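This is what each chain is made of:
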Amino acid sequence: RVLETITESAKRQGWGRSFAFITDRRFPVNLIAETGFTPEECRITSEISKRELWVDRFGEKFEDYRIGDFYYIPWLDERARTLMGFSAEGEDTAPAAEGWHPNDFIYAPLKASNGDILGVVVLDSPESERKPGKMELEPLSILLRVAGEVIERIIYEKDIRIRTEIVQAIGDSAVAEG
């Protein structure tokens, strides 16, 4: 439900499309929430959400594209496309009105309290059709910080539950043998 809250909030704040997913390896499945995507785009987002693709996208190479907690990837920036592994071949590279190209997007990490990345949120299709500023993204930044803490707590509680079950199984085994 945490991921759905993020995507619903993004929609209320003027983002036509968004998706959020968990990258933490302690989750047995890749959890994804999406808003505003067609079925084909949903299939594509499940491919995009592979953890390996996002490992270095929050690193130093991407600092030039940072807006607060978010990273803005402008389609017309060849370096950004190269870093992301995208090709503009056959694509329209003409500037869009107000500076937002249909292939631009913004993403941000969902972080644990220690800074570990637990997931990613991707925003697309702003109603304003322009690149947002830091102040416009701040409400979502606050939500993402809280969501990261909630996800971290879920992981922590799951770890405790598993460890408790192991200890109980060991105890039950010892009693059965004794």
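Preceding this paragraph is the structure being described.
Given the structure is predicted, the values throughout are model-derived calculations rather than measurements. (Residues numbered from 1 in each chain as written. Predicted model: local features only at pLDDT ≥ 70, side-chain atom pairs only at ≥ 80, totals over all residues. Heavy atoms only, no water.)

Chemist: Would you mind showing me how to read the pattern of salt bridges here?
Modeler: Opposite charge on two side chains allows them to pair when their charged atoms are near. A complete count under the given rule lists nine salt bridges for this structure. Between R17 and D124 there is a salt bridge; the shortest N-O distance is 2.7 Å. Of this pair, R17 sits in strand β1 (residues 15-22) while D124 is found in strand β6 (residues 117-126), placing the two residues 107 residues apart along the sequence. Just as R17 is buried, D124 falls in that class too. Across the salt bridge formed by R130 and E136, the nearest N and O atoms sit 3.4 Å from each other. Using a relative accessible area of 33% as the deciding quantity, one classes R130 as partly exposed. Through salt bridges that share partners, D69, E138 and R145 make up one connected network. (Salt bridge = Lys/Arg side-chain N within 4 Å of Asp/Glu carboxyl O. Helix = DSSP H or I, 4+ residues; strand = E, 2+ residues; numbered from the N terminus. Buried < 20%, exposed > 50% of the residue type's maximum accessible area, 1.4 Å probe, protein only.)

Chemist: Looking at this model, I keep getting lost on the environment of R66. Mind explaining?
Modeler: Residue placement: R66 occurs in strand β3 (residues 66-67). A polar side-chain atom of R66 sits 2.9 Å from the main-chain carbonyl oxygen of G68. (Polar contact = N/O pair within 3.5 Å; in protein donor to acceptor, adjacent residues only side chain to side chain.)

Chemist: I would appreciate a short explanation of the environment of I155 in the present structure.
Modeler: Along the chain, I155 falls in helix α5 (residues 134-177). Here the alpha-carbon distance between I155 and L118, two residues 37 residues apart in the chain, equals 9.7 Å.

Chemist: Explanation requested: the packing of aromatic side chains in the structure shown.
Modeler: Given two aromatic rings, their pairing is described by the distance between the two centres and the angle made by the two planes. This model, assessed by the stated rule, comprises ten aromatic pairs. Ring geometry for F58 versus Y71: centroids 5.5 Å apart, planes at 70°, classification edge-to-face. Linking F58 in the loop between α3 (51-54) and β3 with Y71 in strand β4 (residues 70-73), this pair joins segments that are 13 residues apart in sequence. Like Y71, F58 is buried. Feature note: the residues F58, Y71, W75, F86, F105 and Y107 constitute an aromatic cluster, connected by ring pairs. The ring of W75 has R81 sitting right over it, with the charged end atom 5.4 Å from the ring centre. (Phe/Tyr/Trp six-rings, centres within 6.5 Å; stacked < 30°, edge-to-face > 60°. Lys NZ or Arg CZ within 6 Å of the ring centre and 35° of its normal.)

Chemist: Help me understand the side chain of T7 in this model?
Modeler: Tracing the sequence through the fold places T7 in helix α1 (residues 2-12). At 3.1 Å, the side chain of T7 forms a polar contact with the backbone oxygen of E4. If sequence neighbours within four positions are ignored, T7 has contacts with S18, F19, A20, A33, E34 and T35. (Contact = heavy atoms within 4.5 Å.)

Chemist: Which parts of the structure should I look at to understand the layout of surface pockets?
Modeler: Think of a ball as big as a water molecule: rolled over the atoms, this probe shows where empty space is left. Empty space within the largest pocket amounts to approximately 520 Å³. Lining the largest pocket are 22 residues, and of these R17, I44, I48, F86 and F105 lie nearest its centre. Taken together, the elements giving at least two residues each to the lining of the largest pocket come down to β1, α2 (39-48), α3 and β6. At six residues, α2 tops the list of elements feeding residues into the lining of the largest pocket. For the lining of the largest pocket, the class distribution of residues is 13 nonpolar, two polar and seven charged. For the second largest pocket, the calculated volume is near 210 Å³. Along the walls of the second largest pocket sit 13 residues, with D69, P109, L110, K111 and R145 positioned nearest its centre. Looking at the lining of the second largest pocket, the elements that each hand over two or more residues are β5 (105-111) and α5. For the lining of the second largest pocket, the leading source of residues is α5, giving four residues. A per-class count over the lining of the second largest pocket returns six nonpolar, two polar and five charged. (1 Å grid on protein atoms, 1.4 Å probe; cavity = no way out; pocket = protein on both sides within 12 Å on 5 of 7 lines; lining within 4 Å. Points joined across faces, edges and corners; volume = space filled by probe spheres on them. Nonpolar A, V, L, I, M, F, W, Y, C, P; charged D, E, K, R; others polar.)

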